[in-house]
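Notes for the structure review
Each chain, written out:
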Amino acid sequence: MDSSLYSSSSPSTFKQLKVAVVGGGIGGLSTGVALRRAGHIVEIFERRDFDVEEGKGVPCKIIVDHICESVDYETGTVTFKNGRTVTADIIVGGDGIRSVVRGQIGVTPDTHAAAQTCYRCNVLAEDVRRLGLVDYSLDPAIQFWGGTPGENGRSKYYKIVMTSCSGGDIVSFYCFMPSELTKHHQEGFEFKEVPAEEILQGDYQELDPDCVNLLKNSIERMPWRLYIHQPYEHWSKGKVCLLGDAAHPMVPHQSQGACQALEDAAALGIIFSDKYGFVNNVEAGLALYEKIRKGRATRIQQSSARAMENLNERIGFTSLKAHDASLAAAEGKLTINEMNEYKMHDHIAAEVGIERAP
């Protein structure tokens, strides 16, 4: 990275930037909050329609039914399929796994279909009780079945992850199986319900018959086709950067996809605050954003892919003792200690200090 980019950004003056965020998912909304708190004007453009409560005090403006068609990274212009054109100081591509913005800055994904696919579904707690099924709705722990080969030859790709949510009103399932069992091929979620039979073709009876009975009475059953992405060469160009699944798509086996999108948003909020002066050099700020985020997110992305093949690669849910954490780190494994002890403010300050040192 050219250190002269940093040296030209003085923290002595602050100016408000206009930011256009393409995509209103977790990453896009979090980016809006982070940059609005930093003092900027933010508009979030979402391709779908959903209820937005607007009024005084809303942190940023959310505009629905806007599908991105093209982006000019030099002029900072976004063109939507409805004909609307928006110009901004920063364009954030938070438009997900099938990102349009990604291609507009010259990123061509190197991908292949994962050996495992997933179905997501929910079971209403009221149905569980009405039908006399096993009730996990009040259990705060995440339940986990499978992920290793079975004695009868069951594939290691059979796995169920279940948790109670919505205050115990819903029991949520992620059901994994070998990819050859699904007829869905488009990467990512398909937002249409499929019959329970598609999930039940998976060999889950051996994992837990009670769990299978819950799946038979599930709702909101949606396929989630998994692909492995090799790390992208770059995340930013000109006035444009990528974020979340648009920047670092990962399979869900470390439960870190949404977490990393939140970290992306936080980094942008810190970098474009009044502390470092990058509001006066957007290109330098986005270059720093990529440098701060790319290494950590890529490590987690690759660790998630390894955890699909080897359950022992999973970080788990409790902190390791110092000795065990050091052993895991020596083996190159991601640990929950590494995830939770990270200090982004310190990381950014240190990087800026190095680059601006005389």
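I will try to describe carefully the structure that is included in this document. Everything numeric in this text was worked out from a predicted model, so none of it was measured. (Residues numbered from 1 in each chain as written. Predicted model: local features only at pLDDT ≥ 70, side-chain atom pairs only at ≥ 80, totals over all residues. Heavy atoms only, no water.)

Ranked by internal contacts, the top residues of the largest apolar core, which has 52 residues, are Leu268, Phe272 and Ile348. When residues of this core are assigned to their parent elements, the largest contribution, seven residues, is made by helix H8 (residues 282-309). Excluding residues within four positions of it along the chain, phenylalanine 272 makes contact with Phe14, Leu17, Leu35, Ala38, His40, Ile90, Phe278, Val279, Val282, Gly285 and Leu286. In this structure, Trp145, Met162, Cys175 and Leu214 belong to the second largest nonpolar core, which totals 21 residues. (Core = buried A, V, L, I, M, F, W, Y, C linked by side-chain atoms within 4.5 Å. Buried < 20%, exposed > 50% of the residue type's maximum accessible area, 1.4 Å probe, protein only. Helix = DSSP H or I, 4+ residues; strand = E, 2+ residues; numbered from the N terminus. Contact = heavy atoms within 4.5 Å.)

What follows concerns the pattern of salt bridges. Across all of its chains, the model carries 15 salt bridges by this definition. For lysine 183, the salt bridge identified is with glutamate 198, shortest N-O distance 3.6 Å. Residue lysine 183 is found in the loop between strand E12 (170-178) and strand E13 (188-189), and its partner glutamate 198 is found in helix H5 (residues 196-200); the two are separated by 15 residues along the sequence. By relative accessible area, glutamate 198 is classed as buried at 10%. A salt bridge links glutamate 338 to arginine 299, with the nearest nitrogen and oxygen atoms 2.8 Å apart. Here glutamate 338 is found in helix H10 (residues 336-340), whereas its partner arginine 299 is found in helix H8, with 39 residues between them in sequence. Overlapping salt bridges, with partners in common, bring together Glu263, Asp264, Arg293 and Arg296 in one network. (Salt bridge = Lys/Arg side-chain N within 4 Å of Asp/Glu carboxyl O.)

Below, the discussion takes up helix H11 (residues 344-356). Taking 1.5 Å of rise per residue, 13 residues should cover 18 Å, and H11 covers 18 Å from first to last C-alpha, within 8% of that figure. All of the buried residues in H11 are Met344, Ile348, Glu351, Val352 and Glu355. Summarising the axial view, the buried residues of H11 lie within an arc of 95 degrees, below the 170-degree limit, and thus occupy one face. In H11, the exposed residues that point more than 90 degrees away from the buried face are His345 and Ile354. (Expected span 1.5 Å × (residues − 1). Arc of directions from axis to C-beta.)

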